[in-house]
Amino acid sequence: MRKILEVRNLSKIYGKGCPRCIESTGPEADTNMCPHCGSVVAIHDVSFDLHEGEILGLMGESGSGKSTVVKNLYFDQTPTSGSARFIEEDAKHEMFNLNAAQQRRLRNQRFGMVYQNPHLGLNFGISSGGNIAERLLMSDVSHYGEIRERAKELLSRTEVLLSRMDESPAAFSGGMQQRVQIAKALATNPPLLYLDEVTTGLDLSVQARILDLILEIQQERNTAMIVVTHDLGVIRLLTGRALVMKYGRVIESGLTDQILEDPQHAYTQRLVASAL
Amino acid sequence: MSVTYNFGFMDEHAKKEVRRSILKAISIPGYQVPYSSREMPMGRGFGTGGLQITLSLIGADETLKVIDQGSDDSVNAVNLRQFVELTCPGVNTTTHLNEATLIQSRHRIPEVPLTPNQTLVLQVPYPDPLVVVEPSEDKRKVMHGEADYARLLVKLYEDIVKFDEITISHRYPTRINGHYVIDPSPIPRWDVPKLHNSPALILFGAGREKKIYAVPPHTKAEPLAFDDVPFRVESFNDAQGNRRPCERCGATDSFLDEYINEDGSKRYQCSDSDYCDTVLAETKEAANA
Ligand SMILES: [Zn+2]
């Protein structure tokens, strides 16, 4: 399997930071806020690889920094330090050295993002089909008929009723909105998808169907995914490997089965025990 | 009591600054150049942006034509023309396009093609076409810089979904020289093709928004559209598919205004009053010959 993403020593500090930020935060310090300068060390020294078609889980409680990782990798934020290399068959991109237009190209054409909050991923002022059209237009598809056809294909693949494709997603249920978001994220057939707490807050039966859809898509398209969640059930169902995060640091990583069967870190042991 | 104004009302320093902004606008076709719009003795929104360009360019050898709603006789056009006559002694004004060297307009580009000796100044209420999709000016600037106009095309997509055609009637977003998309002022779609490769310099002034931009002579101007849903101008065909003529002069190649008669029936007449007069005079001449 080909490696497509290589993240090294990724750090993000909110605030101006001070020389003692790192030593004063993290799981041992039991906080992500530096007591000396008040800066928040959202993530520090996060490194991992991701391969084609692989689903990697980032798990942890709120404040662990798991969402910050994907926000930086999707260029929603700029990291304080560290590197990420996105590897295509014919090109390698040092993601944080690219200019704004190059980053926008990767974001629009090679990555997809599904947010917990559909307001972040969808424009409620336009139709569901229009949301997909936007992503296609951003990657320079300029044929109306073709855009229409691709939007229909994607929405039917994610099981959104085509009779409603010209309605705003505002009128849809939460589960349906996530399906539109997934269709939009898939519009350019990206090799890498970020999923940030996509089923949080949905009914259990709706959650189960969306998780099934995600697995089917991964199998059909060999899409690599980074799944951010606090839900061990989601980690267990979707991911092959996982990182456990606490206060901005990776405290444990490995094959998901091993982490869940035999957690090494006391914090992970508590998480797993409490989910049983 | 007599009040003396500088020629052109604005002081020379202010005129020079406007001219500098115009030069920049010509150098970067379609780019909205910020300038420090001056207070004029009329409300912003009454063409002060266009007027400041006109006053900065006009000299004693110029002949000015002012059009509003396609007509030289509308109140706004008359006011602006009188203001120039008052503040620019020695400048000629005209209602005939062929005599004019400088034309200030708002809703129309004249029907007769402009010549290389003419400059058209358009008054613009809203200079930024992206304002309908992005409220933040900082973000709009980045979008313009990167020629990121996908969200404008989404508007067109939604229009076709709802109405089976693009229904934008005025201010049709138009890409200049392959990069910047402009709001070409409240001209109808009919006039948009006249921007393309125009022999005359076309300047746009937005007084309230403090922006100047330009379509220089012989520059590409392409209305946004889809490959399979091309841009189209308004149709003036009747229900039978025949081109309606102007009921006054008989022209079948002009943009028509629709009027409702007292009995409820509709009447169609050239929007460009100068053009209508010209065609009418030619028709009479031909009849007398
Ligand atoms: Zn006429």
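Each value, and the rule that gives it
Residues numbered from 1 in each chain as written. Chains lettered and ligands numbered in written order. Predicted model: local features only at pLDDT ≥ 70, side-chain atom pairs only at ≥ 80, totals over all residues. Heavy atoms only, no water. pLDDT = per-residue confidence, 0-100. Pairing = 2+ DSSP bridges. Helix = DSSP H or I, 4+ residues; strand = E, 2+ residues; numbered from the N terminus. Contact = heavy atoms within 4.5 Å. Axes fitted to C-alpha atoms, helices over the stretch in contact; angles between N-to-C directions. Buried area = accessible area lost by both parts, 1.4 Å probe. Salt bridge = Lys/Arg side-chain N within 4 Å of Asp/Glu carboxyl O. Polar contact = N/O pair within 3.5 Å; in protein donor to acceptor, adjacent residues only side chain to side chain. Nonpolar A, V, L, I, M, F, W, Y, C, P; charged D, E, K, R; others polar. Donors = N, O, S within 2.8 Å, 3.2 Å for Na, K, Ca; no water. Tetrahedral: all angles 85-135°; square planar, octahedral: opposite > 155°, others 65-115°. Buried < 20%, exposed > 50% of the residue type's maximum accessible area, 1.4 Å probe, protein only. Parallel < 35°, antiparallel > 145°, perpendicular 65-115°, else oblique. Left-handed = near helix turned anticlockwise from the far one by under 90°.

Details of the confidence of the model for chain B
Of the residues in chain B, 98% have a pLDDT of 70 or more, and the chain-wide mean is 92. Under the prediction, the complex receives an ipTM of 0.85, its pTM being 0.86.

What to know about the sheet that holds strand β3 (residues 92–93) of chain B
Picture the strands of a sheet paired through backbone hydrogen bonds; they go either parallel or antiparallel. Residues and elements named next belong to chain B. Read from one edge of the open sheet, seven strands run β1-β9-β8-β5-β4-β2-β3, paired in mixed fashion. At either margin of the open sheet sits one strand with a lone partner, and together these are β1 (33–34) and β3. Sheet topology note: the strand β5 (residues 119–123)/strand β8 (residues 201–206) ladder contains five bridges and is parallel. Paired with Leu122 across the two strands is Phe204, which belongs to β8. Against the sheet, helix α2 (residues 48–57) makes contact with β2 (63–66), β4 (102–105), β5, β8 and β9 (211–215), and its axis sits at roughly 130 degrees relative to β8, the strand it touches most. In the packing of helix α3 (residues 75–87) onto the sheet, contacts are made with β2, β3, β4 and β5, and the angle to β2 comes to roughly 160 degrees.

Let's talk about the interface of chain B and chain A
Listed as interface residues are 14 residues of chain B and, on the opposing side, 19 residues of chain A. Taking both sides of the interface into account, the surface hidden between chain B and chain A amounts to around 1500 Å²; carbon and sulfur atoms contribute 62%. At the surface where chain B touches chain A, the tally comes to two salt bridges. The salt bridge partner of Glu146 of chain B is Arg104 of chain A, with a shortest N-O separation of 2.4 Å. For the pair chain B and chain A, the interface holds eight residue pairs in polar contact (both at pLDDT 80 or more). Looking at the side of chain B that touches chain A residue by residue, the class counts come to eight nonpolar, no polar and six charged.

Observations concerning the coordination of the zinc ion
Residue and element names in this part refer to chain B. Looking at the metal site, the zinc ion is ligated by Cys246 (SG), Cys249 (SG), Cys270 (SG) and Cys276 (SG), spaced 2.2 to 2.3 Å from it. Each of the four donor atoms bound to the zinc ion contributes to angles spanning 106 to 117 degrees, and the resulting shape is tetrahedral. Taken in sequence order, the residues that donate to the zinc ion follow the motif C-x2-C-x20-C-x5-C. With Cys249 in the loop between β10 (221–223) and β11 (256–260) and Cys270 in strand β12 (residues 266–270), the pair connects residues that are 21 residues apart, well separated along the chain. Judged by relative accessible area, which is 8%, Cys249 ranks as buried. Residue Cys270 is classed as buried on the basis of its relative accessible area, which comes to 6%.

Examining the packing of helix α4 (residues 128–138) of chain A against helix α5 (residues 150–163) of chain B
Their axes nearest at 9 Å, the elements α4 of chain A and α5 of chain B cross at an angle of 140 degrees. Judged by the inter-axis angle, α4 of chain A sits oblique to α5 of chain B. Remark: the crossing between α4 of chain A and α5 of chain B carries right-handed chirality. Contacts from Gly129, Gly130, Ala133, Glu134, Leu137 and Met138 of chain A in α4 of chain A reach Ala150, Arg151, Leu153, Val154, Tyr157 and Glu158 of chain B in α5 of chain B. Residues belonging to the contact of α4 of chain A with α5 of chain B are distributed by class as follows: seven nonpolar, two polar and three charged.

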